[in-house]
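Geometric and topological summary
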Amino acid sequence: MKPGLALAALTLAASASASGKSQALEDCDRAEFQTQLQASPMGSRMEARAYWLTRQLAQWPGRDASGNFKLYYSATGQLLTVEGAAVRGADGALSLDVFKGNVSAAIAQRFKFVADGVRLSVRPADLARLPALHKQQLVLVQEDAQGQVRHATALQLAGGLDDLYAPAEGVKDLGVAVNPKQTHFKLWAPTAQQVSVCLYASGTGPASGRQAMRWDTATGVWSARQGTDLSGQYYKYLVDVFVPGVGMVRNRVTDPYAVSLTTDSKRSYIADLNAASLKPAGWDGTPTPRKVQAQTDMVVYELHVRDFSINDSSVSAAHRGKYLAFTEGRSNGMKHLKALSDAGLTDVHLLPVFDLATIPEASCVTPVVPAVQAPDSEAQQAAVMASAAKDCFNWGYDPYHFNAPEGSYASDAANGAVRILEFRQMVQALHQAHLRVGMDVVYNHTAASGQHEKSVLDRIVPGYYQRLDAAGVVERSTCCDNTATENMMMGKLMIDSTVLWATHYKIDSFRFDLMAHQPRSVMQTLQTRVNHATGRSVNLIGEGWNFGEVADGARFVQASQLSLNGSGIGTFSDRGRDAVRGGRASDSGEALVKNQGYINGLVYDRNALAGAGTPLSALLQTADLVRVGLAGSIRDYTLTTYLDVDKRLQDIDYSGQSAGYASQPGEVVNYVENHDNQTLFDINAYKLPLSTSREDRARVQMLGAAINAFSQGVAYFHAGMDILRSKSMDGNSYDSGDWFNRLDWSYSDNYFGSGAPPKGDNGGNYGLIKPLLANPDIQPTASEIALARDMFRDLLKLRASSTLFRLRSSEDIMVRLKFLNTGAGQNPTLLVGHLDGTGYPGAGFRELLYFVNVDKTAQQLLLPSEQGKPYVLHPLHLAAGAADQRPVLQARFESASGRFSIPARSALVYVVE
């Protein structure tokens, strides 16, 4: 076939790919997920070191402008380049010109990470050919005067596709759209040569039909229309596409915009999410709780769907570990959540609940753990890990389909309607318990890329959706295959997905995993779009960790801690977390014990390994970092440091970064425990002296909760922190099964001493872990668990009692919050914060004074500034049912002198009404 004829055929989206193999109905039912139509020749695999900047311009780092440049193409992927020889297997080539002009500021910014090299331009007369050429194998070649190859490379195509198909960003109905008269399919696949939609009457039966899809040259979208409502049926796509290094393939692939699927995500489900049959009774009329007027009102409980109920015998057996467990209002778990809601909890944040790649939906197993094993035995972890790849548990940070609910949490994963309906029933039940629902979302990576069976995006548009390094290899800094949300259609997918969850499932807030791997601009667009779509303010928070190939703004302005200030989007603060807990998340070996934190004995209650080497200055500096968190990490807030120097928080050092990084308090999320790393109980087991009593361990846990509750910004708690949750010292329980992730809503056990944790991530620390697990004095009884539970609820009530704990703006904090007991002469184990409530809406008190005494002994403090004031204990301390009676029995305030007496290991509040 002549090149011109091939281009014409592709432009018309003909019924056969360039391989000449037309798609047929039987292709829909083949067992394999991919058919190779025509293999590329041996030795054709090459790196992609050049970049399309726009539809016309390309840049090739490290290459000079000498010689001739040609863009070779082959519709069937037969190009072969060998240095010193002519190119073989080409259908033709375009001659490119060296470009000596300037690119636009936007393009220069987008590709600032690309190293210097020659820039090349497609000639104007050839521009119209590029849409068809992008459907073929393309190789950029630098030739000598004799036409022999000097250098050759593939090209990274995102810049070119984003320019060519810019109107695709405005396509509002990608995926499947249904109305009573028709079903419409749309798939963005601009590099595909042929696409069909396969239709199935059921989730397992043979295909009932296949329809060729037509390609839109303006958007790169393939579409097909059926003149009937196909709701309740299933579909897949056949995509004929060239894959670099592989050749022409026919991929059988699900829809990246699928709203539901059948078992193990084998087929996409056709549904109208507005259909009455997919809504629980009263869905449209069930209101979203109005507990959050500003982002700082958020008090979040991070919870895993399976953890919530799999161990709860009060839940019917069929619903344990499922969405429907939340609908059983009389279960122990729901009673617990309702009690937290009544105390002041606003949001339940669910660990990932979109479609996951690693949990077998059809046949997941529950490991049989040997009964009555020693608390430090390795038998439990051996049983759990033997079936980890097949069990029903995973945290879920392995996205498969972003827009569909996970099937393993549904009562019937085979029926695409069930997971939609039951997910909504879960949300409805939580809303009826006056709890908003947050969703942990993972758009920064996919579970797989390339031509892997569980790769969706890369099998539709190879090389576009994932972020690539300088050689064209997928970046994996996030632990998995990174996505490139800076590319137009990946950013659009993320935005469209959050809009879907917020509008169709009434999700109130989102927590973005590794959010700093997204551009700030895309996150801000997302915020605007989701707010507009819902007609309400949808709260966005996420991990702003600065690392990987995007670190320090290498590719774009990140949605990171130091780059989001002023956006209103919140990021988790490691400043207060590390100061409170001690050490760093990466600690191992003896550092886990030596590096004590503010609440577990730094300097004032040294453990056996800490010794006498840690100076008092370490405690003083740590106390200042805790105050940074208490002040909302506001950049411009001024603190008198332990060196008696007044510093703005942004000028206080935290591991080479600014300790204060937020412009407004809603931009910081304060926490001391979440699903990552050890639970607070377990990290305290490392760090507290072995002589620490069970009751004091519970009180230390609540000191961490109190600092969080008193801190300005968003308060974030891990489920079970309030009941002393232990994972038996597991530092990374993402795949540790139900056994190491259990919760006990009967409050009889915290599961410390459930065996040595999985060896893979913890074995190197067994020498420290096993003696602790075997120590019966660390394991709490039901009494300590109940104490912590009730103290936690009182802390939530304290925070809810006054907006002074939830100040709205940085200006409010700078004017109304003052730390006492600071500077070189401070008592470093005692935090004191004064809040001025005069004229502040919702303050409830004219003045509020909170104390946190982390020391194991009672402390006295003279505060001359408070002398003569009519302070009384907060009404919650005086209530008959107060969990901790020590404030009433032991705390004292002498108004004449301004002297306060604060019980050991306690947090309390005085007020002037």
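First, a word on scope: everything that follows refers to the structure included in this document. The shown structure was predicted, so the numbers you read here are calculated from the model rather than taken from an experiment.

With respect to empty space enclosed by the protein
A complete count under the given rule lists 5 cavities of 30 Å³ or more for this structure. In this model, the largest cavity occupies a volume close to 180 Å³. Elements that contribute at least two residues to the lining of the largest cavity include exactly α16 (694–710), α20 (782–801), α22 (875–878) and β41 (906–912). Across the lining of the largest cavity, the residue classes break down as 10 nonpolar, 2 polar and 5 charged. In this structure, the second largest cavity occupies an estimated 100 Å³ of space. Lining the second largest cavity are 15 residues, and of these Tyr400, Phe402, Thr446, Val456 and Leu457 lie nearest its centre. The dominant element in the lining of the second largest cavity, judged by the number of residues it contributes, is strand β21 (residues 399–405), at 4 residues. Residues belonging to the lining of the second largest cavity are distributed by class as follows: 9 nonpolar, 4 polar and 2 charged.

Thoughts on the packing of helix α15 (residues 680–687) against α16
Helices that pack against each other are described as a pair by the angle of their axes relative to one another and the distance between those axes. Orientation of α15 relative to α16, taken along the N-to-C sense of each, is 120°, at an axis distance of 10 Å. By the angle between their directions, the pair α15 and α16 is classed as oblique. By crossing handedness, the relation of α15 to α16 is classed as right-handed. Two secondary-structure elements touch here, α15 through Leu680, Phe681, Asn684 and Ala685 and α16 through Arg697, Val700, Gln701 and Gly704. Each residue belonging to the contact of α15 with α16 can be placed in one class, and the counts come to 4 nonpolar, 3 polar and 1 charged.

Focus on the state of the cysteines
Inspection of the entire model under this criterion finds 2 disulfides. Residue cysteine 28 pairs covalently with cysteine 198 via a disulfide, S to S 2.0 Å. One disulfide, between cysteine 28 and cysteine 198, carries an S-S torsion of -75° and so falls in the left-handed class. Of this pair, cysteine 28 sits in the loop between α1 (3–11) and β1 (34–39) while cysteine 198 sits in strand β11 (residues 192–200), and the two are 170 residues apart along the sequence. Classification of cysteine 28 by relative accessible area gives buried; the value is 5%. Paired through a disulfide, cysteine 364 and cysteine 392 show a sulfur-sulfur distance of 2.1 Å. Every disulfide takes its handedness from the sign of the S-S torsion; for cysteine 364 and cysteine 392 that torsion is 90°, giving right-handed. Of this pair, cysteine 364 sits in the loop between β20 (354–356) and α7 (379–386) while cysteine 392 sits in the loop between α7 and β21, placing them 28 residues apart in sequence. With relative accessibility at 27%, the residue cysteine 364 sits in the partly exposed group.

Regarding the nonpolar core
Membership of the largest hydrophobic core comes to 221 residues, with the highest contact counts inside it found for Phe326, Leu337 and Phe710. Tallying contributions element by element places helix α10 (residues 488–504) first for this core, with 10 residues. The contact partners of leucine 337, leaving out residues within four places of it in the chain, are Tyr301, Leu303, Phe308, Phe326, Val348, Leu430 and Leu435.

What to know about the sheet that holds strand β10 (residues 182–188)
On the basis of which strands lie adjacent, the open sheet formed by 4 strands has the order β9-β10-β14-β13 and antiparallel pairing. Edge strands, defined here as strands with exactly one partner in the open sheet, are β9 (175–179) and β13 (214–215). Relative to β10, β9 runs antiparallel, the two being bridged by 5 bridges. The residue of β10 that forms the bridge with glycine 175 is lysine 186.

Points about the side chain of serine 733
Its location among the elements puts serine 733 in the loop between β33 (714–718) and α17 (737–740). Owing to a relative accessible area of 1%, serine 733 belongs among the buried residues under this scheme.

A short note on the side chain of asparagine 444
Counting through the fold element by element, asparagine 444 comes out in the loop between β22 (436–441) and β23 (445–446). On the accessibility criterion, asparagine 444 (0% relative accessible area) is buried. Polar side-chain contacts of asparagine 444 include one of 2.8 Å to the side chain of histidine 445. Within the structure, asparagine 444 has its side chain in polar contact with the backbone oxygen of aspartate 513 (distance 2.6 Å).

Here we look at the pattern of salt bridges
Evaluated as defined, the whole model comprises 49 salt bridges. Put simply, aspartate 347 and arginine 436 hold a salt bridge, and the shortest N to O gap is 2.9 Å. Of the two residues, aspartate 347 sits in strand β19 (residues 347–350) while arginine 436 sits in strand β22, which places them 89 residues apart along the sequence. Lysine 856 is the partner of aspartate 605 in a salt bridge, and the nearest nitrogen-oxygen pair spans 2.9 Å. Within this pair, whereas aspartate 605 is found in the loop between α13 (591–594) and α14 (616–630), its partner lysine 856 is found in the loop between β36 (847–853) and β37 (859–862), the two being separated by 251 residues in sequence. Counted as one network, the salt bridges with shared partners bring together Asp27, Arg30, Asp240 and Arg250.

Brief notes about helix α19 (residues 766–773)
Think of an α-helix as 3.6 residues a turn; residues three or four steps apart then line up on the same face. For α19, the complete set of buried residues consists of Tyr766, Ile769, Leu772 and Leu773. Down the axis of α19, the buried side of the element spans an arc of 140°, and every buried residue falls inside it. Summarising the geometry of α19, the exposed residues directed more than 90 degrees from the buried face are Gly767 and Pro771. Where α19 is buried, its residues contact α7, α15 and α18 (759–762).

A closer look at a nonpolar patch on the surface
On the surface, Leu878, Val888 and Leu889 cluster together to form a nonpolar patch covering roughly 280 Å² of accessible area. Taking the relative accessible area as the measure of exposure, leucine 889 reaches 57% and is therefore exposed.

What to know about the environment of glycine 463
By the element assignment, glycine 463 lies in the loop between α9 (457–460) and β24 (481–482). Taking the C-alpha atoms as reference points, glycine 463 and valine 473, separated by 10 residues in sequence, lie 9.0 Å from one another. Setting aside chain neighbours within four positions, we find glycine 463 in contact with Leu157, Asp458 and Leu468.

The rules behind the values
- Residues numbered from 1 in each chain as written.
- Predicted model: local features only at pLDDT ≥ 70, side-chain atom pairs only at ≥ 80, totals over all residues.
- Heavy atoms only, no water.
- 1 Å grid on protein atoms, 1.4 Å probe; cavity = no way out; pocket = protein on both sides within 12 Å on 5 of 7 lines; lining within 4 Å.
- Points joined across faces, edges and corners; volume = space filled by probe spheres on them.
- Helix = DSSP H or I, 4+ residues; strand = E, 2+ residues; numbered from the N terminus.
- Nonpolar A, V, L, I, M, F, W, Y, C, P; charged D, E, K, R; others polar.
- Axes fitted to C-alpha atoms, helices over the stretch in contact; angles between N-to-C directions.
- Parallel < 35°, antiparallel > 145°, perpendicular 65-115°, else oblique.
- Left-handed = near helix turned anticlockwise from the far one by under 90°.
- Contact = heavy atoms within 4.5 Å.
- Disulfide = S-S within 2.5 Å.
- Buried < 20%, exposed > 50% of the residue type's maximum accessible area, 1.4 Å probe, protein only.
- Core = buried A, V, L, I, M, F, W, Y, C linked by side-chain atoms within 4.5 Å.
- Pairing = 2+ DSSP bridges.
- Polar contact = N/O pair within 3.5 Å; in protein donor to acceptor, adjacent residues only side chain to side chain.
- Salt bridge = Lys/Arg side-chain N within 4 Å of Asp/Glu carboxyl O.
- Arc of directions from axis to C-beta.
- Patch = residues over 30% accessible without salt bridge, like charges linked within 9 Å, V, L, I, M, F, W, Y side chains within 5 Å.
- Areas by Shrake-Rupley, 256 points an atom, 1.4 Å probe, with all protein chains shown as cover.

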